[in-house]
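If you want the building blocks of each chain, they are given just below.
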Amino acid sequence: MAAEQAGERLARGQQLPRLRGTGLDGEVDTRQWYWRRNLVVLFTHAWPCPGCAAYVEQLAEREPAIAAARGQLLVVVALGPTIAVRELTRLGRGTAVLLDEDGALHGRCGLRGMGGQPVAALVVTDDLGTIYARWDAGAEHAFPAPDEVVSWVEFVSYQCRECGADSPVVLDG
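The structure displayed is predicted, hence computed values, not measured ones. (Residues numbered from 1 in each chain as written. Predicted model: local features only at pLDDT ≥ 70, side-chain atom pairs only at ≥ 80, totals over all residues. Heavy atoms only, no water.)

## Re the overall build of the protein chain
Counting secondary structure elements, the protein chain contains five helices and seven strands. In sequence order, the secondary structure elements of the protein chain are arranged as α-β-β-β-α-α-β-β-α-β-β-α. By the burial criterion, 49% of the 173 residues in the protein chain qualify as buried. Pairs at least 24 residues apart make up 63% of the contacts formed inside the protein chain by residues separated by at least 6 positions. Within the structure as shown, the protein chain displays about 8,700 Å² of accessible surface, and the carbon and sulfur contribution to it stands at 51%. (Helix = DSSP H or I, 4+ residues; strand = E, 2+ residues; numbered from the N terminus. Buried < 20%, exposed > 50% of the residue type's maximum accessible area, 1.4 Å probe, protein only. Contact = heavy atoms within 4.5 Å. Areas by Shrake-Rupley, 256 points an atom, 1.4 Å probe, with all protein chains shown as cover.)

Encoded structure:
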């Protein structure tokens, strides 16, 4: 059974379900990037979440490097319909934001915790939506360092499917 139907947690090697809905600048659909862009998809906790907001800003600062490696940063924000999104409008124009007001997108990706609350996670996919890397942030916001995310996008961008390499080399410093 596909993750999209079962709502099972996203896993490495799995296909990211199609994500579409309302964004800050109109409709967003992950298929608009297929065959053109690898994806960095950040799922947030319920908004406003200070830890998620800080990480969104850190990743948005790396958006030019992500774009240079044929990547697209997409932030799936779990928020209610009455929450203002003014903080998100400050992000660079290269960062796409998808509003998950009812939590359905988080749910389709198996990213709901106790009581149905949205769980924060990050995935890096290739240009066909295959997940190469995945992190659960937990309540502590244990996301990978933004430079590690950029390394993953660069790695995925230069992979040929026949090589089968399973991770990039991340240099400290």
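## Overview of the nonpolar core
Generally speaking, nonpolar side chains in soluble globular proteins are found buried as a group. Core analysis: the largest hydrophobic core is formed by 31 residues, its most contacted members being Val40, Leu42, Leu59, Leu122, Val124 and Trp152. Elements that contribute at least two residues to this core include exactly strand E3 (38-46), helix H2 (50-61), strand E4 (71-78), strand E5 (95-99), strand E6 (121-125), strand E7 (131-136) and helix H5 (146-157). Looking at which element gives the most residues to this core, the answer is H5, with six residues. Val41, Ala96, Val123 and Ile131 belong to the second largest nonpolar core, which has 19 residues in total. (Core = buried A, V, L, I, M, F, W, Y, C linked by side-chain atoms within 4.5 Å.)

## Quick notes on the pattern of salt bridges
Opposite charge on two side chains makes pairing possible when the charged atoms of those side chains draw close. If you walk through the whole model with that rule in mind, you get six salt bridges. Asp136 is the partner of Arg9 in a salt bridge, and the nearest nitrogen-oxygen pair spans 3.3 Å. One end of the pair, Arg9, is in the loop between helix H1 (3-6) and strand E1 (20-23); the other, Asp136, is in strand E7, with 127 residues separating them in the sequence. Judged by relative accessible area, Asp136 falls into the partly exposed class, the value being 34%. Note that Asp136 and Arg134 form a salt bridge whose closest N and O atoms lie 3.0 Å from each other. One continuous salt-bridge network, built from bridges that share partners, spans Arg9, Arg134 and Asp136. (Salt bridge = Lys/Arg side-chain N within 4 Å of Asp/Glu carboxyl O.)

## Points about the packing of aromatic side chains
What describes a pair of aromatic rings is the distance from one ring centre to the other and the angle between the planes of the rings. All chains considered together, the criterion is met by four aromatic pairs. Considering the side-chain rings of Tyr55 and Phe143, the 4.2 Å spacing of their centres and the 10° angle between planes classify their relative orientation as stacked. A residue pair is termed long-range when its members are at least 10 positions apart, and Tyr55 in helix H2 and Phe143 in the loop between E7 and H5 qualify at 88 residues. You'll find Tyr55 and Phe143 in the same group, each marked buried. Pairing Trp152 with Phe155 gives two aromatic rings, centres 5.6 Å apart and planes at 85°, and the pair type is edge-to-face. Of this pair, Trp152 and Phe155 are both found in helix H5, three residues apart, which corresponds to roughly one turn of the helix. The pair formed by Trp152 and Phe155 is uniform in burial state, with each residue classed as buried. (Phe/Tyr/Trp six-rings, centres within 6.5 Å; stacked < 30°, edge-to-face > 60°.)

## Looking at the pairing of E3
In the case of a regular strand, side chains alternate between the two sheet surfaces. Burial within E3 is extensive, with eight of its nine residues counted as buried. Direction of pairing for E3 relative to E4: parallel, over a ladder of seven bridges. Paired with Asn38 across the strands is Gly71, a residue of E4. Pairing geometry for E3 and E6, over five bridges, is antiparallel. Residue Leu39 lies in a different strand from E6, and its bridge partner there is Thr125. (Pairing = 2+ DSSP bridges.)

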